[in-house]
Amino acid sequence: KLFLNEFFKDNEFTGDILEPACGEGHISKTLEEVLPDCKITSTDLIDRGYGIGGIDFLLNDYDKTYDMVITNPPFSLAKQFILRGLEISNRFVIMFAKIQLLEGKDRKQLFLNSPLKYVYVHSSRQNPMRNGKDRDENGKKWSSTMAFAWYVWDKEYTGEPIIKWI
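Since the model is a prediction, treat every value here as computed from it, not as a measurement. (Residues numbered from 1 in each chain as written. Predicted model: local features only at pLDDT ≥ 70, side-chain atom pairs only at ≥ 80, totals over all residues. Heavy atoms only, no water.)

Relative to the elements of secondary structure, S89 occurs in strand β5 (residues 89–98). For S89, a relative accessible area of 3% puts it in the buried group. Only 2.8 Å separates the side chain of S89 from the backbone oxygen of F92, close enough to count as a polar contact. Leaving out residues up to four positions away in the same chain, S89 has contacts with Y66, D67, M68, V69 and K155. (Helix = DSSP H or I, 4+ residues; strand = E, 2+ residues; numbered from the N terminus. Buried < 20%, exposed > 50% of the residue type's maximum accessible area, 1.4 Å probe, protein only. Polar contact = N/O pair within 3.5 Å; in protein donor to acceptor, adjacent residues only side chain to side chain. Contact = heavy atoms within 4.5 Å.)

Okay, here's the thing in structure tokens:
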């Protein structure tokens, strides 16, 4: 919600949304709450009881495009998810990923040659759920040393990326 609140201060949105790695639906459920008039399609490679399971985002032959593709991709496949999202999105591709995503010669070329508009950096550590749970087997909240950001590509944007803080 922190990200969406900031993002929608500067961007209006209506349209169809795809969440292609929905897991147990955490992002999709928040989108439904924030954007109740939008059609949200939630899929995942693995059936975790939410959305449509058995859909490989990278290989699926989509019969339509979406106005927004938003997800928390597997980090090892982040670049592939970004590129695939740019193929099937009419406008926005939004990825939740580590700040570390900015590193690397290969990804540098991706960022220089795609319409990355925003990087919304979390100013405090985020503790993503693990296996759908916010606490470990002893009831202790997960802790994290990783820094995260939301990366937003806008196909209507040209220019240098804009850094924002949440």
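This is not the end of the story, as more comes after the structure.
Counting 24 residues, the largest nonpolar core has Y151 and W153 as its most contacted members. Those elements that place two or more of their residues in this core are β4 (66–71), α3 (78–88), β5, α4 (105–112), β6 (116–121) and β7 (148–154). When residues of this core are assigned to their parent elements, the largest contribution, five residues, is made by α3. The residues contacting W153, other than those within four sequence positions of it, are I82, L86, R91, F92, V93, M95, F111, S114, P115, L116 and K117. Judged by nonpolar contacts, the second largest core, of 21 residues, contains F7, I17, L31 and F92. (Core = buried A, V, L, I, M, F, W, Y, C linked by side-chain atoms within 4.5 Å.)

A few words now on the pattern of salt bridges. Tallied over the entire structure, the rule returns ten salt bridges. Of the charged contacts, one joins R91 and D154 as a salt bridge, the two residues approaching to 2.6 Å between their closest N and O atoms. Residue R91 is found in strand β5, and its partner D154 is found in strand β7; the two are separated by 63 residues along the sequence. Classification of R91 as partly exposed rests on a relative accessible area of 21%. By relative accessible area, which is 2% here, D154 ends up buried. Its salt-bridge partner being E156, residue R91 comes within 3.4 Å of it at the nearest N-O pair. One end of the pair, R91, is in strand β5; the other, E156, is in the loop between β7 and β8 (162–165), with 65 residues separating them in the sequence. According to the relative accessible area criterion, E156 is exposed, its value standing at 60%. When salt bridges that share partners are traced, they join R91, K117, D154 and E156 into one network. (Salt bridge = Lys/Arg side-chain N within 4 Å of Asp/Glu carboxyl O.)

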